[in-house]
Amino acid sequence: MFGTVLGGVDVELRHLRAFVAVARRRSFTRAAGELLVTQPALSRTVAQLESIVSVRLLDRSSRHVELTGAGEEFLLQAERVLATLDQALAGARRTATLRLGFSWLLPDPWAQQAVRRFEGGTGASVALTRVDDPLLALRRRAVDIVVVRGDAEVPRQARTMHLYDEPRIAVCSHHSDLCRHRSLDWTQVRNWPLVVNTVSGSTGPWSWHQDQRPEHIVETANYDEWLETVAAGRGIGVVPTVVKRRTPHPALRFVKLTNAPPSPVRLVFLADSQPTLVRHFLQAALPTARA
């Protein structure tokens, strides 16, 4: 609420912003487009303001809108109030921080573009927080929003936004017999010991139907453990292709994986965790997501 009461009725910020938009544009139609509201809703809001202040602020006709004398004076004061408020909000946002949780290899260039858009548009900052279990960190409210790869089940109270899908690739030790293969079919993965990151991995036994799952599973608890276990020849891995580009390792070899379903990349968040910052981040994130 705006901190002014006239006749027992509060003047709200929406009243001021509606009036200022119409006064600047000299048009309800153009002002409604600027504020992303319908023209009837905007007309009602301005009429409510005039009723509250008990004076006509605008002269309306079918062709144009003009300010009355009272309207011109009110416009100057309203613009000062809104400018002061915007300065205060900008100052406060510069101290605000959104905590973005991830477990391994933030998607690129999506992450860099989304962070730049968010920080440039809000003045707030993003704290990049690496955690072994992003969903657990979210439930514990150690982070505000997380990047999740794969088909992991999210908390019931959480919401998700799909960003894009990543293709998968097989990876093995340079001593593995798999290195002799030019490609590996998705259905053939079950014939090899499969190293799985059970906490934040994008591929695991859950990725196949019950009767098609790999018989031998080697479990690890984070990305580094998974990486070194594959490099040590304990089994093969299946990961998004970004790993090949972002994780050079002398003991690893990558093999084309055919007929594999793509791996989804999602943002997961709690509706009541910094809702304004999260909403702005979602808006900044979506235009940069790849198809």
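Everything quoted here is computed from the prediction, not taken from an experiment. (Residues numbered from 1 in each chain as written. Predicted model: local features only at pLDDT ≥ 70, side-chain atom pairs only at ≥ 80, totals over all residues. Heavy atoms only, no water.)

Caption draft 1: Main features of the overall build of the protein. On a plain count of helices and strands, the protein comes out with nine helices and 15 strands. At 27 Å, the protein has a C-alpha radius of gyration far larger than the 19 Å of a compact globule built from 291 residues. For the protein, the C-alpha atoms occupy an extent of roughly 85 × 35 × 35 Å along the three principal directions. Looking at the protein as a whole, 45% of its 291 residues are labelled buried. Across the protein, contacts joining residues at least 24 apart in sequence account for 69% of those joining residues at least 6 apart. Here the protein contributes 37 positively and 28 negatively charged side chains, and the mean placements of these two sets differ by 3 Å. (Helix = DSSP H or I, 4+ residues; strand = E, 2+ residues; numbered from the N terminus. Rg over C-alpha atoms; globule rule 2.2 N^0.38 Å. Buried < 20%, exposed > 50% of the residue type's maximum accessible area, 1.4 Å probe, protein only. Contact = heavy atoms within 4.5 Å. Lys, Arg positive; Asp, Glu negative; His and termini not counted. Charge placed at Lys NZ, Arg CZ, Asp CG, Glu CD.)

Caption draft 2: Looking closely at the sheet that holds strand S13 (residues 237-240). Ordered in space as S10-S14-S9-S13, the four strands form an open sheet in which the pairing is mixed. Two strands in the sheet have a free side with no partner beyond their single neighbour: strand S10 (183-185) and S13. Here the strands of the sheet are splayed against their neighbours by 40° on average, with no regard to which way each runs. Sheet analysis places strand S9 (residues 168-173) next to S13, joined by four bridges and oriented antiparallel. (Pairing = 2+ DSSP bridges. Axes fitted to C-alpha atoms, helices over the stretch in contact; angles between N-to-C directions.)

Caption draft 3: A look at the pairing of strand S7 (residues 145-149). In terms of burial, S7 is largely enclosed, as five of its five residues are buried. Burial along S7 is two-sided: Ile145, Val147 and Arg149 facing one way and Val146 and Val148 facing the other are all buried. Inspection of the sheet shows strand S5 (residues 97-102) paired to S7 by two bridges, in the parallel sense. The partner of Leu100 across the bridge, within S7, is Ile145. Two strands pair when backbone bridges link them, and S7 and strand S15 (residues 263-270) are joined in this way by five bridges, in the antiparallel orientation. Following the sheet pairing, Ile145 is matched in S15 by Phe269.

Caption draft 4: How the structure looks around the layout of surface pockets. The volume enclosed by the largest pocket comes to roughly 270 Å³. Along the wall of the largest pocket there are 23 residues; nearest its centre are Arg149, Ala152, Val199, Ser200 and Gly201. Contributions of two or more residues to the lining of the largest pocket are made by helix H6 (134-139) and S7. Ranked by residue count, the leading element in the lining of the largest pocket is H6, at four residues. (1 Å grid on protein atoms, 1.4 Å probe; cavity = no way out; pocket = protein on both sides within 12 Å on 5 of 7 lines; lining within 4 Å. Points joined across faces, edges and corners; volume = space filled by probe spheres on them.)

Caption draft 5: Looking closely at the sheet that holds S15. Read across the open sheet, the five strands follow the order S6-S5-S7-S15-S8; overall the sheet is mixed. Since the sheet does not close on itself, it has two edges, and those belong to strand S6 (125-130) and strand S8 (158-166), each with one partner. Ignoring strand direction, the axes of neighbouring strands in this sheet form an average angle of 25°. The strands touched by helix H5 (residues 110-122) are S5, S6, S7, S8 and S15; relative to S6, the strand with the most contacts, the crossing angle is about 145°.

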